[in-house]
Amino acid sequence: MEAINTSLDLLNRNTYDREDVVSFYNEANTLLPAERAILRELTPGIANKKILDIGVGGGRTTPYLLDISDDYTAIDYSEEMAKLTAAKYPNAKVLQMDATNMAAFDDSSFDLVLFSYNGLDSMTHESRIKIISEVFRVLKPGGRFLFSSHNRDFHNFNKLPWRWNVKWNLKFVIFVLHCLYHLPKHYKMKKHEVFADDYAIVNDGDHRFSLLLYYVTIEKQIDQLSKIGFSNVIAHDMQGKPVKSDPSSHWFHYVAQK
Ligand SMILES: C[S@@+](CC[C@H](N)C(=O)[O-])C[C@H]1O[C@@H](n2cnc3c(N)ncnc32)[C@H](O)[C@@H]1O
């Protein structure tokens, strides 16, 4: 199976290889409230079972998942990210691998697959579908896929910060000035944006306007997962509460079952 490489995929991949971005993920070390709540609920079913952590970055989730199971494998397509996490957690099996091609893993071999912090959003629609299909293949029947993804119904979707409905303070003014400084880059990136019926891929400011990120509604995300074969899909808000829709949530955490 060959990995897909389009200019959008390459743009995002180059961003994740950047020294400042690797260092950003190196410093991230706590679970998000929703991840904590969801993993607490899943733990009885996955304790000491096989876990795959896709797009591990700087290993933010690694110690928490190693606490749940020693049978833990992490992958990242960025050599620097994979090296960093392997050095930080010598007990973990960490591989450099592109998730669009996980032929190295057998069918039906993992109990939990994770792709955290919207990692699944940093690629083309075609690569996303390929990865979700690969996740479905490597999961055991009944296994769970936990990931997060940006919300296309978010009230600030595709708006620059000065159009956000927030209270201005000094910190926000500094943030707006930072965005203004990077505005030329943003307009350069805009030519890669995609607006489709089911999803949008936009340049939304992360890592100094360097990423193109996928946004999808809960309804369309559930359709996408169901077409590949997943069921029992539940979207959770930032606190881990199951939701059907929520325009105040920038992204959602999904759990889907094979
Ligand atoms: C937003 S970061 C999240 C890092 C980490 N999971 C966390 O929660 O802190 C996304 C990570 O996914 C990796 N990634 C993106 N696309 C990937 C792919 N197709 N295959 C493997 N890794 C990928 C990036 O290199 C990056 O490290």
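Structure shown above.
Residues numbered from 1 in each chain as written. Predicted model: local features only at pLDDT ≥ 70, side-chain atom pairs only at ≥ 80, totals over all residues.

Caption draft 1: Broad picture of helix 3 (residues 33-46). In a regular helix each residue adds 1.5 Å, so 14 residues correspond to 20 Å; helix 3 covers 19 Å between its end C-alpha atoms and thus fits that length. Taking the largest bend as the criterion, helix 3 deviates by roughly 35°, centred on Arg-40, and proline Pro-44 comes between one and four positions later. Of all the residues in helix 3, the buried ones are Ala-34, Glu-35, Ile-38, Leu-39 and Ile-46. Close packing links the buried residues of helix 3 with strand 1 (51-54), helix 4 (62-68), strand 4 (110-115), strand 5 (139-151), strand 9 (231-236) and strand 10 (251-257). Asn-48 sits one or two positions beyond helix 3 and adopts a positive phi of about 60°. (Helix = DSSP H or I, 4+ residues; strand = E, 2+ residues; numbered from the N terminus. Expected span 1.5 Å × (residues − 1). Bend = angle between axes of the 7 residues up to and from the residue. Buried ≥ 20, exposed ≤ 12 C-beta atoms within 10 Å, placed from the backbone. Contact = placed C-beta atoms within 7 Å.)

Caption draft 2: Structural detail: the site of the ligand. Neighbouring residues of the ligand: 23 residues in total, closest Tyr-16, Gly-55, Gly-57, Tyr-117 and Gly-119. Considering only residue class, the shell around the ligand consists of 11 nonpolar, nine polar and three charged. (Near = placed C-beta within 6 Å. Nonpolar A, V, L, I, M, F, W, Y, C, P; charged D, E, K, R; others polar.)

Caption draft 3: Just the environment of Leu-11, in detail. Mapped onto the elements of the fold, Leu-11 is located in helix 1 (residues 7-17). For the pair Leu-11 and Leu-212, spaced 201 residues apart in sequence, the C-alpha separation works out to 8.0 Å. Setting aside chain neighbours within four positions, we find Leu-11 in contact with His-192 and Leu-212.

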